[in-house]
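A closer look at the structure
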Amino acid sequence: MRKKLIALLLAAVMLVSVFAACGGENNSSTAGGDSSASTPESSTGGDSSESAPESSQVSTGDGAMTEVGTPRSETLIVEFQSATDCPGQFNTYMNGTSAGIGIHQLMSAMMWEIDTVKGEQFPEVAADMGTPNEDFTEWTIKIREGIKWSDGEDLNAEDVAFTMNMIKDTDSIGASSYYKQVFKSIEAVDATTVKIVTNEPFPRLTQRFGVTIWGNDLRIVPEHIYSQQADVYTFKDEQPVVAGPYTVHSYDPNGAWVLYQRREDWEQSTLGVVNKEVYGNTDAPPAWVWFRTLGDDESTKQMAMINNEIDVLCEVTPEVLEAMMAQNDKVKAWYADFPYATSDDPCSKGLVFSMGKGAPYNDPNFRWGMTLMLDFDQISMNVFEGIGRASCFPILTATTAMTELYYQPLKEWVTDFELDLGDGTKFKPFDPEYKNRMAETLRAQGRDIPTDEATLEDMFGIGCWKHDEEAATKLLALAGVTKEGDTWMFNGEPFKFNVSYLSSGEFQAGRGGQAAYNQWKALGFDCTLVSESSATWDTNGGTGEFDIGAYWPTGGITKDIYSQISGYDNALIKPLGETGSGQGMRWDNEEASKIIQDLSKISPDSDEAYQLAQDFMKIAIEDCVMIGFHSGVKFVPTNDTYWTGYPCADDPYNGPWWWWSCFKYILPHLKAVG
């Protein structure tokens, strides 16, 4: 049943090409400020003089008010995981802006959005999917009519061309070098037409510059405002004019919350226009959406949900979820029963190496050695008590769709794959028995675990990497890392390294990093566990200022993978300490880069593209680009006390991706309890 429901959610993913960047999953949170300190009448930011718009929702009539002064029955309260370090900064092209605090979910304008049920993109700001010439070097894109900025100005082709040229021509914007590489020219032909000329054939324009997973770094801005700024990179945009359905009413000066108010003319926003034309839905979203942090203390989240102080949580641990469900029957999860969580979040968790630092991190033998030192069974139990699908392949997450598209087709190859241990022996690192061991472990704990092969693979994956200290030691020796007595040495010096993780939120990634650290430490490695705040996490990840980090640089739910691997082109690698358009771990493989460049020139629907993608994956596995743990396992609780209609396994009209830009298309489905 579980497999059937997940398959329904992602039924048609094979039809589409995917994914701009998964590196920007919603930033994780720290506590910040007293959320009761400000109200819509007194808080910093936005137009605090505005009164609440008349609500189209049915009121519960209990008269309760939120801490920010809005009617509780008209306010959807959503957790975001990171207290922003830049409160009042809503320009996502400025360094440090946290898009996941509601900016890209409620205000941003995307060229193309994603229907997570069909696995298909649809036009948002664009009116079509673009028309290319024969060799994909010129694109004509029509712009949707009827969308207005929140100040009443029309959103048109000038805004689109301006935004793309702004990114291309502003060197301080991270994506600038990539835009220069792709685009020769971008111009508005008239109010509803944009013409794009690329430097090389580029058949994946919509996939790369539209949403396929979390969001996209191309967010259209109002030309009539941004063109007046001396430097768009330093323009905070504290009172943003937006195309989305919500404007900023107020925000916490300490970064702990943002209160969004539905536009009076929301029908002329992206949601109003597109939802009506694409889905035929004219229902109004909630009058107010309050994005707030609850800190990293799990008991705080637990009590807030039990006491009906929040409607949507981004992520909790399974033990906290079960405690909440036991104390409040309005608390729900994707599944009503064990395993509760969806395993189809397209960003898997694991460990990455900062290869730009050179040896030994840039040596595949080192990376394989460190991988085989780990016992994944124990890591899995330490993360979410064994819940989750193993996602051992680098770069591609083991969602249901990607399992069918890549994991299963490559299963025979990876089972036979061998590592040369340098002493005349070879070793097969793939372990297909993980699912059976994990099933037995959980049965012994009293869990009702199925026995058929297909269901077990759906729950636990096709396999993981083996734990073998002898093989690992030989591989490390090939990379120059040897154990002398009780000390691991490299180049004649004691070998020391850091294992970094985000200090708050993102429990799956953080617990995985801590579990790996504990195992390496027990094996005698001189490693240090480093917790980082959200202020430094993304910056250090991009600049390569880490040794080994518990990141999530993977993704994908569709057959064509060019968009998600394009950043691995070694032509995009910037020197250590600089942030560029490429991947922060700086994997430099000429053969893989050649495949990326070849893929960029051929149709994403071709058999050749699919074969090249599989070849790319073989190279990535051989090089052990990263240590993959689980697919994105999300325990994402909702509360039915004030609002109902959230997507779930029984009604999978969308995924439970509150932190994705497509969240705004969930909102009209939510109904106030009356």
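Quick note: structure is the one above.
Residues numbered from 1 in each chain as written. Predicted model: local features only at pLDDT ≥ 70, side-chain atom pairs only at ≥ 80, totals over all residues. Heavy atoms only, no water.

**Structural notes on the pattern of salt bridges**
Counting across every chain of the model gives 29 salt bridges. R72 is the salt-bridge partner of D311, the closest N and O atoms lying 2.9 Å from each other. Of this pair, D311 sits in the loop between α8 (298-306) and α9 (318-327) while R72 sits in the loop between α1 (2-9) and β1 (75-79), and the two are 239 residues apart along the sequence. Both residues of the pair, D311 and R72, belong to the buried class. (Salt bridge = Lys/Arg side-chain N within 4 Å of Asp/Glu carboxyl O. Helix = DSSP H or I, 4+ residues; strand = E, 2+ residues; numbered from the N terminus. Buried < 20%, exposed > 50% of the residue type's maximum accessible area, 1.4 Å probe, protein only.)

**Digging into the side chain of S500**
Mapped onto the elements, S500 comes out in strand β20 (residues 496-502). When residues no more than four places from it in sequence are discounted, the contact partners of S500 are V530, E532, W537, F546, I548, G549 and A550. (Contact = heavy atoms within 4.5 Å.)

**So, helix α12 (residues 400-407)**
Of all the 8 residues making up α12, 7 are buried; the element is thus mostly covered by neighbouring parts of the structure. For α12, the set of buried residues is T400, A401, M402, T403, L405, Y406 and Y407.

**Examining the packing of aromatic side chains**
Going through the model one piece at a time under the given rule, you end up with 45 aromatic pairs. An angle of 45° between the planes, with centres 5.0 Å apart, marks the rings of F183 and F209 as tilted. Separated by 26 residues along the polypeptide, F183 in strand β6 (residues 183-190) and F209 in helix α5 (residues 205-209) bring together distant segments of the chain. The residues F183 and F209 share a single accessibility class, namely buried. Relative to Y610, the ring of Y406 lies with its centre 5.4 Å away and its plane at 70°, an arrangement referred to as edge-to-face. Placement of the pair is Y406 in helix α12 and Y610 in helix α21 (residues 607-622), with a sequence separation of 204 residues. Across the pair, exposure class does not vary: Y406 and Y610 are buried alike. Ring pairs connect the aromatic residues F353, Y361, F366, W488, F490, F495, F497, W520 and F525, which therefore count as one cluster. (Phe/Tyr/Trp six-rings, centres within 6.5 Å; stacked < 30°, edge-to-face > 60°.)

**Notes on the nonpolar core**
General note: in soluble globular proteins, nonpolar side chains tend to be found buried as a group. By size, the foremost hydrophobic cluster in this structure holds 164 residues, and its most contacted members are M111, F209, F497, W520, F525, W587 and F616. Ranked by residue count, the leading element in this core is α21, at 9 residues. When neighbours within four sequence positions are excluded, F616 is seen to be in contact with I395, I565, Y568, W587, A592, I595 and I596. Counting residues in each nonpolar core, the second largest holds 37 residues, with M107, V248, Y260 and V636 among its members. (Core = buried A, V, L, I, M, F, W, Y, C linked by side-chain atoms within 4.5 Å.)

**A word on the state of the cysteines**
Cysteine pairs can be linked by a disulfide, which is a covalent bond between their two sulfur atoms. Counting across every chain of the model gives 0 disulfides. The closest cysteine sulfur to the non-disulfide-bonded C527 is located on C624, 17 Å from its own sulfur. (Disulfide = S-S within 2.5 Å.)

**Description of the pairing of strand β5 (residues 138-142)**
Side chains of β5 alternate between two faces, with W139 and I141 buried and E138, T140 and K142 left unburied. Note that strand β4 (residues 131-132) and β5 share 2 bridges and pair antiparallel. Paired with T131 across the strands is T140, a residue of β5. In this antiparallel pair of consecutive strands, β4 and β5, the connection spans 5 residues, and F136 shows a positive phi of 65°. Two strands pair when backbone bridges link them, and β5 and strand β7 (residues 193-198) are joined in this way by 5 bridges, in the antiparallel orientation. Its bridge partner being in β7, K142 is matched across the sheet by T193. (Pairing = 2+ DSSP bridges.)

**With respect to the packing of helix α11 (residues 376-384) against helix α14 (residues 434-444)**
At their nearest, the axes of α11 and α14 sit 11 Å apart, and the two run at 45° to each other. By the angle between their directions, the pair α11 and α14 is classed as oblique. Crossing of α11 against α14: the hand is right-handed. From α11, F376, D377, S380 and M381 reach across to α14, where they touch Y434, R437, M438 and T441. Classifying every residue of the contact of α11 with α14 by side-chain character gives 4 nonpolar, 2 polar and 2 charged. (Axes fitted to C-alpha atoms, helices over the stretch in contact; angles between N-to-C directions. Parallel < 35°, antiparallel > 145°, perpendicular 65-115°, else oblique. Left-handed = near helix turned anticlockwise from the far one by under 90°. Nonpolar A, V, L, I, M, F, W, Y, C, P; charged D, E, K, R; others polar.)

**Concerning empty space enclosed by the protein**
Tallied over the full model, the rule gives 6 cavities of 30 Å³ or more. Looking at the largest cavity, it is lined by 18 residues, and the ones nearest its centre are F90, S108, I220, V221 and D237. Across the lining of the largest cavity, the residue classes break down as 13 nonpolar, 3 polar and 2 charged. In this structure, the second largest cavity spans a volume of roughly 100 Å³. Elements supplying a minimum of two residues to the lining of the second largest cavity: α11, β16 (464-465) and β23 (626-634). Per element, the largest residue contribution to the lining of the second largest cavity is 3 residues, and it comes from β23. Here the residues of the lining of the second largest cavity sort into 9 nonpolar, 3 polar and 2 charged. (1 Å grid on protein atoms, 1.4 Å probe; cavity = no way out; pocket = protein on both sides within 12 Å on 5 of 7 lines; lining within 4 Å. Points joined across faces, edges and corners; volume = space filled by probe spheres on them.)

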